[in-house]
Amino acid sequence: MAGCAVAVGSACIPDRGGGGCEVPAGDVVDPCADGGSRSRGLPGTPDAGVVPAGLVGFDGGAVDRLWFATTGDTRPGFCDRTSDYPTATITQIARSMRALRVHLALDLGDHMYVCNQSAADAREQMRQYMGAVAQGPATFWMTMGNHECGNDVPPFSCFVGRGDANFDAYMAALGRPLPYYFTDVRTSLGKARFVVIADDSWDATQADWLESTLSTADAEARYTIVARHHPMTGSGSGNPRIVAAIARHKYSLILTAHSHPYAHDTVNFGGRSAIVGLGGVPTGPLPGFATVLQNEDGTLTFVRRDANGNPLDVPWSVSPR
């Protein structure tokens with residue numbers, strides 16, 4: 001495609017060459033790094049030139065400062081269209097995350113779109129997702145979305161009652177006993193607790209777990225980062241009991257997807273909530289992801305990026321909470 005730095009599926013990532021490089025104030029990358037024509041438009045490194053030290057794995061870890069990526073809605077645009085899985089887009093996003101050398105990636109749900117309850121189709125779509133993200137950071141934490149449950153009737157409790165091909169494929173890829181979990185990351189500025197909620201497998205047991213997990217974070221963590229698939233406001237916000245449970249506690253960031261355009265809610269929840277459903281679903285806008293950096297003063301800086309890792313919009317920051 002003319003004028004494209006890279007064509008990702010049917011989308012064009014604009015070529016920034018020829019017009020110079022401009023880094024938004026407060027950004028955490030230098031898109032002009034190395035300056036040569038081959039690197040123009042590719043992600044650079046944090047401004048200080050050194051990625052924060054540390055290691056995060058499946059069950060958490062320890063870092064100097066947090067440095068992670070997030071995106072959601074990495075699925076086909078239409079039901080049962082496994083042949084249209086956006087593998088190339090997800091692979092490009094994952095590679096850009098890896099190029100930025102983030103400690104981990106946090107996905108926000110919807111890895112498949114299978115309506116026919118075909119176990120083979122569900123497994124194949126999850127296989128394509130896992131193969132794509134294998135090109136990215138070594139640690140990828142997953143969130144359950146509504147399409148990880150083929151049951152269209154609330155409360156979407158796929159892990160109780162009858163079986164569900166989508167849920168089974170997702171749980172096999174997740175590799176955890178339950179679709180909700182938390183992980184702790186120790187930083188030089190205090191503990192960060194990542195709380196991953198399974199909106200569409202909600203029941204009394206998960207409600208008790210969430211209350212306990214957030215209460216402990218209130219007392220022990222400097223940062224609580226909540227991930228769920230559904231946004232916190234609007235018609236797609238899902239179960240209101242989940243929204244109310246989160247609102248009763250401290251939260252540094254609330255990261256969601258489900259809606260495919262990017263949105264930062266500056267009014268509700270202290271300006272700490274963002275929708276990042278940019279992971280490649282073809283019915284969405286320009287694909288991409290976001291990064292979060294823990295700064296030396298303890299604040300967290302959020303930057304939206306295109307699929308190549310180039311910064312978009314104006315970065316924003318929040319204080320610990």
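To be clear, the structure that these remarks concern was listed above.
Residues numbered from 1 in each chain as written. Predicted model: local features only at pLDDT ≥ 70, side-chain atom pairs only at ≥ 80, totals over all residues. Heavy atoms only, no water.

If you walk across this open sheet you meet the eight strands as β3-β4-β8-β9-β10-β11-β13-β12, and the pairing is mixed. Of all strands in the sheet, those with a lone pairing partner are β3 (54-57) and β12 (263-265), marking the two edges. Direction aside, neighbouring strands of the sheet carry axes that sit 15° apart on average. Pairing between β12 and strand β13 (residues 273-275): three bridges, direction antiparallel. Counterpart to D265 in the pairing with β13 is S273. On top of the sheet, helix α4 (residues 204-220) reaches β8 (181-187), β9 (190-196) and β10 (223-227); it is set at about 165° to β9, its chief contact. (Pairing = 2+ DSSP bridges. Helix = DSSP H or I, 4+ residues; strand = E, 2+ residues; numbered from the N terminus. Axes fitted to C-alpha atoms, helices over the stretch in contact; angles between N-to-C directions. Contact = heavy atoms within 4.5 Å.)

With respect to the secondary-structure elements, D306 resides in strand β15 (residues 300-306). Distance from D306 to A290, taken between C-alpha atoms, is 8.3 Å for residues 16 residues apart in sequence.

Before going further, it helps to examine the packing of aromatic side chains. Going through the model one piece at a time under the given rule, you end up with six aromatic pairs. Relative to F302, the ring of Y262 lies with its centre 5.9 Å away and its plane at 20°, an arrangement referred to as stacked. You can see Y262 sitting in the loop between β11 (253-256) and β12 and its partner F302 sitting in strand β15, a full 40 residues away along the chain. Exposure remark for F302: the relative accessible area of 2% places this residue in the buried category. Three or more aromatic residues joined by ring pairs form one cluster here, namely F68, W141 and F194. Directly above the aromatic system of Y181 lies the positively charged group of R176, at a separation of 3.8 Å from the ring centroid. Between R193 and the ring centre of F182, over which it is positioned, the NZ or CZ distance is 3.9 Å. (Phe/Tyr/Trp six-rings, centres within 6.5 Å; stacked < 30°, edge-to-face > 60°. Buried < 20%, exposed > 50% of the residue type's maximum accessible area, 1.4 Å probe, protein only. Lys NZ or Arg CZ within 6 Å of the ring centre and 35° of its normal.)

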